[in-house]
Amino acid sequence: MNAASSRHLQRRLQLAFGVIVTVCTLALLYYVAQARQHVGADYTAMVTDVVRAQQDPVQLRQALESLVDGAAPPPLERLEALLWRIPRRIESLRRQLHRSDLAAEDYASLLEELERAADRLPVLEATVARWGQNAPEARSTEALLAQGLAVESDLAWAYSELNERLHQASADQRRLMERLTLAVGMLLALLVFAVGAVMLMLLRLHQQREAMRHQSRVDALTGLANRRRLQEAAEEAFARRQRHPSPLGLILLDLDHFKTINDAYGHPVGDGVLASFAATLQHQVRRGDIVARMGGEEFAILMPESDLEAGRLLAERIRLATRAMRLSGQAAGHRLTVSIGVAEAWDDEGFDGLYRRADQGLYHAKARGRDRIEAASTPRLSQAAKS
Ligand SMILES: Nc1nc2c(ncn2[C@@H]2O[C@H](COP(=O)(O)OP(=O)(O)OP(=O)(O)O)[C@@H](O)[C@H]2O)c(=O)[nH]1
């Protein structure tokens, strides 16, 4: 019963532990997947845009040089489209940078640099327009190149710096996420460990409690049930009897002149005799009978489903077996006998009443010379005796 309830608890704790480990593992896997997916995501799109924007100064320089070199047709439309695109690109980047997790002081100066370059674009645009309208001799190549290349170099420097900082921020973010993932993993492992330890402790406590419960119902010397256990078994048997009426017998046994064994051979030898007698009792009873040591040299047997006659037969077998016991050691020559009282429960009787009548039987057995059995009468037998 105890082992079964411990096993039951163990199975439930194992199941709960398994569920916790699975949930924690799934949570960790989900977290790692999410972290992988999102790490650097903030910056990836921005880096792509910056790389694209880095093409603008390159194309600006190429277009200006082609124009100055007198390429035919002059790349005026390409230049205009480029000059139209550059400020929009800068504005789009500015919005992305404001939305990002990057600290404003990390990019503010670069953004200012880009915006300053953008502010100079209308002047460059006007110079390009004039260049297209003027005759070749009236064109100012120097002014065009000076304005254009200044814008080109500012843009190229600012974009390159921005690219560098975004890469740096992305690497920092990845490192942070890796540390966070490690911390979350360790926390979950710690949680699993703590829950496992608590569960193990619960199981140990339960097993200890069950062991103590068992010990508190067992007689230490003989290993038989003790008085408390017999009382519980009797209450269960009487409760069962109320649902399904059936006979219930009780035998009380007391070794005769046990004191003489103690006095003659010492207490330890007496203990050995008590243990041997307990084994003899266990050997004689059926499965389902409860054998208990009530204290000292007094024993009891509760016999569910047994009437007075069955009790008397068992008592006689025990009486003969006791006489036949061969004691060992110093007490080897001693002839052991036992006095026995037997009773069967009445219909309206509780355990106290049954015990009292079996005890009266035992008292009479002692009084009438010991090594004998006295049965308490049942109402049925009393009726029969009267008629
Ligand atoms: N060795 C041993 N002796 C015990 C134990 N418990 C009680 N006794 C002894 O059992 C003896 C009981 O003595 P009594 O009550 O006089 O009974 P008795 O000598 O058997 O005599 P009757 O019952 O009248 O036949 C005492 O000497 C107790 O000390 C025990 O656990 N071990």
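Computed from a predicted model, the values in this text were never measured in an experiment.

1. Examining the site of the ligand
Thought 1: The immediate surroundings of the ligand are formed by 16 residues, with His257, Phe258, Asn262, Asp271 and Arg293 found nearest.
Thought 2: In the model, an oxygen atom of the ligand is placed 3.2 Å from a nitrogen or oxygen of the Leu255 main chain.
Thought 3: In this structure, His267 approaches the ligand through a main-chain N or O atom, which is 3.1 Å from a nitrogen atom.
Thought 4: Looking at the shell around the ligand, the elements with two or more residues in it are β1 (248-255), α8 (258-265) and α9 (267-284).
Thought 5: At 4 residues, the largest contribution of residues to the shell around the ligand is made by α9.

2. Observations concerning the sheet that holds strand β3 (residues 298-304)
Thought 1: Spatial strand order, β2-β3-β1-β4-β5: 5 strands in an open sheet with mixed pairing. The sheet terminates laterally at β2 (290-295) and β5 (373-375), the two strands that pair on one side only. Sheet twist, expressed as the average angle between the axes of neighbouring strands with direction ignored, equals 20 degrees.
Thought 2: As paired elements, β1 and β3 share 7 bridges and run antiparallel to each other. Of the residues in β3, the one forming a bridge with Gly249 is Met303.
Thought 3: Strands β1, β3, β4 (338-344) and β5 of the sheet are contacted by helix α10 (residues 308-323), whose axis makes an angle of about 170 degrees with β4.
Thought 4: Contacts from helix α11 (residues 351-367) reach β1, β2, β3, β4 and β5, with the element oriented near 145 degrees to β4.

3. Let's talk about the UniProt feature "transmembrane region" (unreviewed entry) in the protein
Thought 1: According to UniProt, the "transmembrane region" (unreviewed entry) feature falls on residues 12-33 and 180-203.
Thought 2: Across residues 12-33 one finds 100% helix and 0% strand; the C-alpha atoms that close the span lie 31 Å apart.
Thought 3: Helix makes up 100% of residues 180-203 and strand 0%, with an end-to-end C-alpha separation of 34 Å.

4. What about the nonpolar core?
Thought 1: Counting 35 residues, the largest nonpolar core has Leu162 and Leu166 as its most contacted members.
Thought 2: The element best represented in this core is helix α2 (residues 41-68), accounting for 9 residues.
Thought 3: With near-sequence residues (within four places) excluded, Leu166 lies in contact with Tyr43, Met46, Val47, Val50, Leu97 and Leu102.

5. Overview of unusual backbone geometry
Thought 1: The phi torsion at His257 lies on the positive side, around 45 degrees, for a residue other than glycine.
Thought 2: Its place among the elements puts His257 in the loop between β1 and α8.
Thought 3: Given a relative accessible area of 48%, His257 falls into the partly exposed group.
Thought 4: For Glu305, which is not a glycine, the phi torsion comes out positive at approximately 65 degrees.
Thought 5: For Glu305, the location among the structural elements is in the loop between β3 and α10.

What counts, and where the lines are drawn
Residues numbered from 1 in each chain as written. Predicted model: local features only at pLDDT ≥ 70, side-chain atom pairs only at ≥ 80, totals over all residues. Heavy atoms only, no water. Near = heavy atom within 4 Å. Polar contact = N/O pair within 3.5 Å; in protein donor to acceptor, adjacent residues only side chain to side chain. Helix = DSSP H or I, 4+ residues; strand = E, 2+ residues; numbered from the N terminus. Pairing = 2+ DSSP bridges. Axes fitted to C-alpha atoms, helices over the stretch in contact; angles between N-to-C directions. Contact = heavy atoms within 4.5 Å. UniProt positions renumbered as here; feature names shortened; annotations may be inferred. Core = buried A, V, L, I, M, F, W, Y, C linked by side-chain atoms within 4.5 Å. Buried < 20%, exposed > 50% of the residue type's maximum accessible area, 1.4 Å probe, protein only.

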